[in-house]
2 protein chains.
Amino acid sequence: MFKKNHFLILSILIASQFNAQKMQNLAKYVNPIIGTEKMGHTFPGATVPFGSVQLSPETDTLSYEINGKYNPDVYKYCAGYRYEDKTIVGFSHTHFSGTGHSDLGDFLIMPTVGKLKLNPGTAQHPGSGFRSGFSHQNEKAEAGYYQVKLDDSNILAELTATTRVGFHQYTFPKSDDAHIILDLMSGIYNYDDKNVWTYVRIENDHRITGYRQTNGWARTRTVYFAMEFSKPFKSYGQKNYDGKQPYRGFWRKWNQDENFPEIAGKKIRMHFDFDTRDNEKIQVKMAISPVSQANALDNLQKETPDWNFENIKSQAQNDWNKELNKIAVNTLSENDMVNFYTAMYHTFINPTTYMDSNGEYKGLDQNVHLAKDFTNYTTFSLWDTYRALHPFFNIIQPKRNNDMVKSMLAHYDQFSLKMLPVWSHYANENWCMSGYHSVSLIADAIIKNTFTGNPEEALAACIATSNKRNYEGIGEYIDKGYISAEKNGTSVSNTLEYAYDDWAIAQIAKKLGKTDVYNEYVKRSENWRNVFDKSIGFMRPRLSDGSFKREFDLLSTHGQGFIEGNSWNYSFFVPHNPNALIDAMGGKKKFGENLDQLFTMHLPDEFFADTEDISREGIIGGYVHGNEPAHHVAYLYNFIDQPWKTQAQIRKILTMQYQARPDGLGGNDDCGQMSAWYIFSSLGFYPIAPGSDDYSIGSPSVKNAKLNLESGKVFEIEAKNQSVKNVYVEKVELNGKPIKDFTIKHQDIINGGKLVFWMTNKAKK
Amino acid sequence: MFKKNHFLILSILIASQFNAQKMQNLAKYVNPIIGTEKMGHTFPGATVPFGSVQLSPETDTLSYEINGKYNPDVYKYCAGYRYEDKTIVGFSHTHFSGTGHSDLGDFLIMPTVGKLKLNPGTAQHPGSGFRSGFSHQNEKAEAGYYQVKLDDSNILAELTATTRVGFHQYTFPKSDDAHIILDLMSGIYNYDDKNVWTYVRIENDHRITGYRQTNGWARTRTVYFAMEFSKPFKSYGQKNYDGKQPYRGFWRKWNQDENFPEIAGKKIRMHFDFDTRDNEKIQVKMAISPVSQANALDNLQKETPDWNFENIKSQAQNDWNKELNKIAVNTLSENDMVNFYTAMYHTFINPTTYMDSNGEYKGLDQNVHLAKDFTNYTTFSLWDTYRALHPFFNIIQPKRNNDMVKSMLAHYDQFSLKMLPVWSHYANENWCMSGYHSVSLIADAIIKNTFTGNPEEALAACIATSNKRNYEGIGEYIDKGYISAEKNGTSVSNTLEYAYDDWAIAQIAKKLGKTDVYNEYVKRSENWRNVFDKSIGFMRPRLSDGSFKREFDLLSTHGQGFIEGNSWNYSFFVPHNPNALIDAMGGKKKFGENLDQLFTMHLPDEFFADTEDISREGIIGGYVHGNEPAHHVAYLYNFIDQPWKTQAQIRKILTMQYQARPDGLGGNDDCGQMSAWYIFSSLGFYPIAPGSDDYSIGSPSVKNAKLNLESGKVFEIEAKNQSVKNVYVEKVELNGKPIKDFTIKHQDIINGGKLVFWMTNKAKK
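Residues numbered from 1 in each chain as written. Chains lettered and ligands numbered in written order. Predicted model: local features only at pLDDT ≥ 70, side-chain atom pairs only at ≥ 80, totals over all residues. Heavy atoms only, no water.

**Some thoughts on the overall build of chain A**
And step 1. The number of helices and strands found in chain A is 20 helices and 40 strands.
And step 2. For 765 residues, the compact-globule formula gives about 27 Å, and the C-alpha radius of gyration of chain A, at 26 Å, lands near that figure.
And step 3. Seen along its three principal axes, the alpha-carbon backbone of chain A occupies a region of about 80 × 60 × 50 Å.
And step 4. Considering chain A as a whole, with its 765 residues, one finds that 67% of them fall into the buried category.
And step 5. Taking all contacts inside chain A whose residues are at least 6 apart in sequence as the whole, residues at least 24 apart take part in 70%.
And step 6. For chain A, the accessible surface area stands at approximately 25,000 Å², while carbon and sulfur atoms represent 48% of it.
And step 7. Averaging the locations of the 83 positively and 87 negatively charged side chains of chain A gives two centres separated by 3 Å. (Helix = DSSP H or I, 4+ residues; strand = E, 2+ residues; numbered from the N terminus. Rg over C-alpha atoms; globule rule 2.2 N^0.38 Å. Buried < 20%, exposed > 50% of the residue type's maximum accessible area, 1.4 Å probe, protein only. Contact = heavy atoms within 4.5 Å. Areas by Shrake-Rupley, 256 points an atom, 1.4 Å probe, with all protein chains shown as cover. Lys, Arg positive; Asp, Glu negative; His and termini not counted. Charge placed at Lys NZ, Arg CZ, Asp CG, Glu CD.)

Quick look at the structure:
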């Protein structure tokens, strides 16, 4: 138990630590609303860094299916909240940040006054249900805090959180008919059968526990909860919307709808009733657990031992400041400060802690495990985040990144398939997207010395994963060196991604002195050549007879052998060997012309429609920044002796693709990958090929930056003569020595030191 | 871990212990087939005393519903097996013994050869599925062992068990197409939606784990399993019969139907494939757990560390002999030996162990608990078993009965409603039947000094349960002294049962010196008077205005205010105060005439149809022995100075209602209550009112008996001149002293000693 005294002492200790570090209030620059309109798919609610709870408003709860068919509108609600909407349905406790498919939205809570309505109602007729109108004028979103006035009930809703607890504060008008609704049916990407089971136990007049078990993107997922009210409810009740109750014993003996303390079923909404004085605050704490109700209650008692909302809020904001202060930047404008720290905020949301305060978590094997020497994380959107998010963590969050690798290895150990995660959340593999990019993340952590586990075991897991012959064409890829177009709809992008991943595995083998493995995987990493059609100079689907597919369109995505990217974007995807790609494409000149064309071409609407997860603003010419496959491409000019073009494009992307507005993100933030790109690029360098210790130099947008490393060392960046127009780098020096090849090493950063750019408005050719 | 060496040593120790006790092979008299035809609802398969596993054949898997409506035929399959049937569908691991509603039937396993059929087929066309014909000639059922020849496949199936493991041995013909099917859809009292979720993880080529979660009689129930094959399977697969798979990621990337190690869904059947030599034995071990797959595996490894089927079988039969040797009887015939030990076998099946070998169990609060100083039991069919089963345990299984009381108190503590169990199984209250008879069981254990827990807490739990005003008319019962017919369909039997239960509570209070409580509950125990209509001399439904219901039929059950008994049977239900009832009915003469009439009247078919759970053989006159409410009634002649009629009736019931045939039980065995009646009565005495330490003397049917008490003391019974015709007791002596009042005390038994009956063929009037 976390005694109150200890808590106070700890608060003081934390405060004094902050003072010692001269912590700035950088959280003030964070605007969680950014990305909530159009394609960003971020959520505006309250969370702490890498928290298990993301407590955020839902503006609608569309069904994933209508009459058994996919409802395309559900996509807009990946994060539950859409800035364009006019009503709020309630506040739920779990959200992804920036994904393009979804799940979660557990335990929707909504305060109301007046006649009880247990259905949510519709956006068109909010009065028909418990939802309420709201306006953005009455809304405030901060790091770790969210508030909104609910117009229909005149209730002020405030939200904050700890790692495992969502903390609500509702300021009610006077009422003898006030309610707090707990909707166990509601969920993101919900459908009629998604709730496998829900259970609620009323422990006493202010505490309830239970769970929600779903079959969705995560196939077998249970979230347990413990919920406490600051004021005893005077009565409570439920409605079970599932008509089926084959065994009627319960119903014959009890009226379960009113004040009945044991509720179970698939479609349940509950209400808790209160009398309220004018301006009376009722607080609600909702703790979650992957393991049990008992653990949820333990989490609740440890993390929120009292009812001091302000204290929890300031603790959450302190937590954010602590993380944000790991980089102190000065930018050209206040807007850029907002962009920078909001991006940093978005990078520190996912992966999420998936472990109780006692160290227990649920494994892929559905058993409970104890995380002995690491924090267990989930929510690995790896196709996105291996590129820049985890390399960013390897610099600024090495301890957490190490724990993330350990979590992935635990996933491997506990998974019947013995595969590293592809896209995993809540003790499930959802198999979304392509590649086996866990190996990239692991290679990057081993190469950069942030992994403290057993590298031999890690390599074995990488090798096993890369040899799952039944998975997504791997068998054919191994046998033939490419995946044939007849057998796999994304044969080209899979081949390209496997080739890169294999190179990453080779890097681990090299470091461990395993020459055989290294040779095997370096050979595999050359497989990109097998889908490169020299006759046209682009990547192209290839048939099993060795010939290239005739019908083929460089601009189209669907049905062309690629996933979330056309050949124009994917043809540059040999991040581990740009020089070889340049040769293959016909040399530096031709390659440069291709790059120029990519950034300047016009992508006709018919092909844009193909491009998933982005808005029209998410592209520059034919370069799709709103999706990930080309994220390294602007840096490739460095390899053909045209670094000024890298510099110009980077600054253009930084300006155009990231804006401090609700619709300021041109594509899904993808669990922080888009934001991590922003941070790297605005600091002036980028990891083209994670698993390498090289960073390619671009053009910083900050005036200066201090990276406060976990080791205590500091890496400084300064951009002299920085301005909106001075996008070109005249020269760059590391610790006073000029850099010639537009590359810095990981060690250069980790050792601490100073990187100085001299900016100019003239391209230095 | 239970090392092999330790296991051998333990086996030797057990064996030598048995020798020391000169243990007889009494298990040879047990015939588990008794009661499997018609109404007994017993199962023929393998179990150990109070085991968690009851591994037994299913002859059909009818649905509880057809087109959303109750299917009355399902009732015949409460125990999964019906002697009348000609086919076996498979062998599942959990069964109730003798119930009249049902659940369970988890993890159906069936061996087959030839072309794979994953549906069970129908009894009419067994060849259409995996079921097989069988004949009783090729079937053998013993305590702890079952075997049957499966005619369609020519496979010999043998079953045995430990507490938590079902052990299968299948002798196959030569085949390159042999299969072992695991049907996760199958279940007793199944219906389309009953499987909430099932999950299977293939751990390697011979071990799988998983769980089945159901919503049935137990509303929220999960059974975890770990299963091992003695021979690696060459391949495996599944079919998911649920068309719904809203998120297709899994299916897009994998063929889950073949050799895919992670299976989840609601309607799954699996197959494991083998090549077999002629007469090759493949063994399967299936361990279950209420807590987790990990615990199931731990149970498996501890209880069945190797593949010695014969060893486990002999251990199971030793376990049975150990329990059966607690009473050594000699009877007039071999048939009576079979009846006696089969009855004893049936009393030692339920309640069942509900706890892993590491002490963990799932509580009513859905959390995992550790049973620190007791074995946790479940399957409490208390309306039945409080009458004679638990009083029997108080003599012959006091340690277990104490643990059962502790399990009930844990249920109370962990249940949101803070009520003692009514009918509970698998961490659920199913609310079946009436009364709050837990209090009787607790009172009996406290009065008889077998309870080692805190009696004050136990009393508090009894009081709380008896004051649940919202439950089954208790509020009105407290306020008015009876439940009115308008408000409750079983108003009279509820009132009568509560009155007895209240008397039981009073006995605890008395023992604890709580005079106030005693007075209150003794007063409540008089409430039977409020539903006794003096004008007709029978119990009768009463309206809230105080008048008795006009339309009323003494012979009918349904709609008359009673449950499973008509007024003729229930009017004698004042077990705690027969003398007052006799007075109320008009004195001893009138009372005797009523009793005579009960045993000799003819119950017309129309009223018999009303009487649940019994066959025509389950009645004697209008006395319904096949149901419980009148189980004490034959002993009431003792209270009106006509003990010879008790003696004659008891012998008649013993002979007519219990026969060593498949259809030998006239009613549901009801988790051992019918059998416990047999044992008490055949030994010559019966506990009319549990909670009293009196036993009423009847007429023993045994020649002699030795009760080997846990204390080491021995209580002997001898019936001199015993014969089929000598049903009357001429005199009876306890330790050489004559008994005059046809009563012995609990202490008389527990102290050890000898009860001698002199039998005669003449009634001693």
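Next comes the rest of the write-up.
**Some thoughts on the relation of the copies chain A and chain B**
And step 1. Laying chain A over chain B is done by rotating through 180 degrees and shifting 0.0 Å along the axis; what remains is an RMSD of 0.1 Å. Seen this way, the second copy is the image of the first under a two-fold rotation axis. Relative to the rotation axis, the C-alpha of Val196 of chain A is the closest in chain A, positioned 3.0 Å from it.
And step 2. Take the interface residues of chain A: 100% of them recur as interface residues in chain B, which is what a same-surface contact looks like. (Least-squares fit on C-alpha atoms with pLDDT ≥ 70 in both.)

**Quick notes on the pattern of salt bridges**
And step 1. Counted according to the given criterion, the structure contains 78 salt bridges over all chains.
And step 2. Among the salt bridges present, the one from Arg131 of chain B reaches Asp60 of chain B, with a minimum N-O distance of 3.0 Å. In this pair, Arg131 of chain B sits in the loop between strand 7 (108-113) and strand 8 (132-133) while Asp60 of chain B sits in the loop between strand 2 (54-58) and strand 3 (65-66), placing the two residues 71 residues apart along the sequence.
And step 3. For Asp60 of chain B, a relative accessible area of 13% translates into the label buried.
And step 4. Across the pair Asp298 of chain B and Lys302 of chain B runs a salt bridge whose closest N-O atoms are separated by 2.8 Å. One end of the pair, Asp298 of chain B, and the other, Lys302 of chain B, are both in helix 3 (residues 293-303), four residues apart, so they sit about a helical turn from each other.
And step 5. Residues joined in a network through salt bridges with shared partners are Glu323, Lys326, Arg400 and Glu710 of chain A. (Salt bridge = Lys/Arg side-chain N within 4 Å of Asp/Glu carboxyl O.)

**What about helix 4 (residues 309-324) of chain A?**
Residues and elements named next belong to chain A.
And step 1. With 16 residues, helix 4 ought to run about 22 Å at 1.5 Å a step, and its terminal C-alpha atoms sit 22 Å apart, in line with that.
And step 2. Buried within helix 4 are the following residues: Phe309, Asn311, Ile312, Lys313, Ala316, Gln317, Trp320, Asn321, Glu323 and Leu324.
And step 3. Where helix 4 begins, the capping side chain belongs to Asn308, and its oxygen is found 3.3 Å from the backbone nitrogen of Glu310. (Expected span 1.5 Å × (residues − 1). Polar contact = N/O pair within 3.5 Å; in protein donor to acceptor, adjacent residues only side chain to side chain.)

**Some points on the state of the cysteines**
And step 1. Within the structure shown, the criterion is met by zero disulfides over all chains.
And step 2. Just so you know, Cys671 of chain A is unpaired, no disulfide at all, and the nearest cysteine sulfur is the one on Cys432 of chain A, 10 Å from it.
And step 3. We note that Cys78 of chain B lacks a disulfide partner, and the nearest cysteine sulfur, in Cys432 of chain B, lies 9.9 Å from it. (Disulfide = S-S within 2.5 Å.)

**Description of the sheet that holds strand 26 (residues 380-381) of chain A**
Residue and element names in this part refer to chain A.
And step 1. Ordered in space as 26-27-28, the three strands form an open sheet in which the pairing is antiparallel. What marks the edges here is a single partner per strand, and that holds for strand 26 and strand 28 (428-429).
And step 2. Here strand 26 runs beside strand 27 (residues 423-425); their pairing, made up of two bridges, is antiparallel. Among the inter-strand pairings, Phe380 is bridged to a residue of strand 27, identified as Ser424. (Pairing = 2+ DSSP bridges.)

**A short note on the UniProt feature "domain: Glycosyl hydrolase family" (unreviewed entry) in chain A**
And step 1. Here, UniProt's "domain: Glycosyl hydrolase family" (unreviewed entry) annotation points to residues 295-760 of chain A.
And step 2. As a span, residues 295-760 of chain A carries 40% helix and 15% strand, and end to end its C-alpha atoms are 58 Å apart. (UniProt positions renumbered as here; feature names shortened; annotations may be inferred.)

**A look at helix 9 (residues 438-447) of chain A**
And step 1. Among the ten residues in helix 9 of chain A, ten count as buried, and that is most of the element.
And step 2. Phi turns positive, to about 60 degrees, at Asn449 of chain A, one or two residues after helix 9 of chain A.

**Points about the interface of chain A and chain B**
Interface size is commonly expressed as the accessible surface area that is lost when the partners come together.
And step 1. Between chain A and chain B, the residue contacts involve 52 residues of the former and 52 residues of the latter.
And step 2. The interface formed by chain A and chain B holds four salt bridges in total.
And step 3. Between Glu472 of chain A and Lys253 of chain B there is a salt bridge, with the nearest N and O atoms lying 3.6 Å from each other.
And step 4. Mapped by element, the contributors of at least two residues to the side of chain A that touches chain B are strand 14 (195-202), strand 15 (207-214), helix 2 (249-253), strand 18 (262-265) and helix 3 (293-303) of chain A.
And step 5. Looking at which element gives the most residues to the side of chain A that touches chain B, the answer is strand 14 of chain A, with five residues.

**Description of the packing of helix 9 of chain A against helix 12 (residues 491-511) of chain A**
All names here are of chain A.
And step 1. Between helix 9 and helix 12, the shortest axis-to-axis distance is 8 Å and the interhelical angle comes to 30 degrees. When the axes of helix 9 and helix 12 are compared, the pair comes out roughly parallel. Judged by the twist between their axes, the crossing of helix 9 over helix 12 is left-handed. Residues Val439, Ser440, Ile442, Ala443, Ile446 and Ile447 of helix 9 form the contact with helix 12, whose own contacting residues are Tyr500, Asp501, Ala504, Ile505, Gln507, Ile508 and Lys511.
And step 2. Across the contact of helix 9 with helix 12, the residue classes tally to nine nonpolar, two polar and two charged. (Axes fitted to C-alpha atoms, helices over the stretch in contact; angles between N-to-C directions. Parallel < 35°, antiparallel > 145°, perpendicular 65-115°, else oblique. Left-handed = near helix turned anticlockwise from the far one by under 90°. Nonpolar A, V, L, I, M, F, W, Y, C, P; charged D, E, K, R; others polar.)

**Focus on the sheet that holds strand 28 (residues 428-429) of chain B**
And step 1. Pairing within the open sheet is antiparallel, and its three strands lie in the order 26-27-28 (chain B). Among the strands making up the open sheet, the edge pair consists of strand 26 (380-381) and strand 28 of chain B.

**Side note on the environment of Phe532 of chain B**
Residues and elements named next belong to chain B.
And step 1. Mapped onto the elements of the fold, Phe532 is located in strand 29 (residues 532-533).
And step 2. Taking the relative accessible area as the measure of exposure, Phe532 reaches 5% and is therefore buried.
And step 3. Each C-alpha atom of the pair Phe532 and Ser292 lies 52 Å from the other, and the pair is 240 residues apart in sequence.
And step 4. Excluding residues that lie within four positions of it along the chain, Phe532 makes contacts with Gly537, Phe538, Met539, Phe548, Leu581, Ala584 and Met585.

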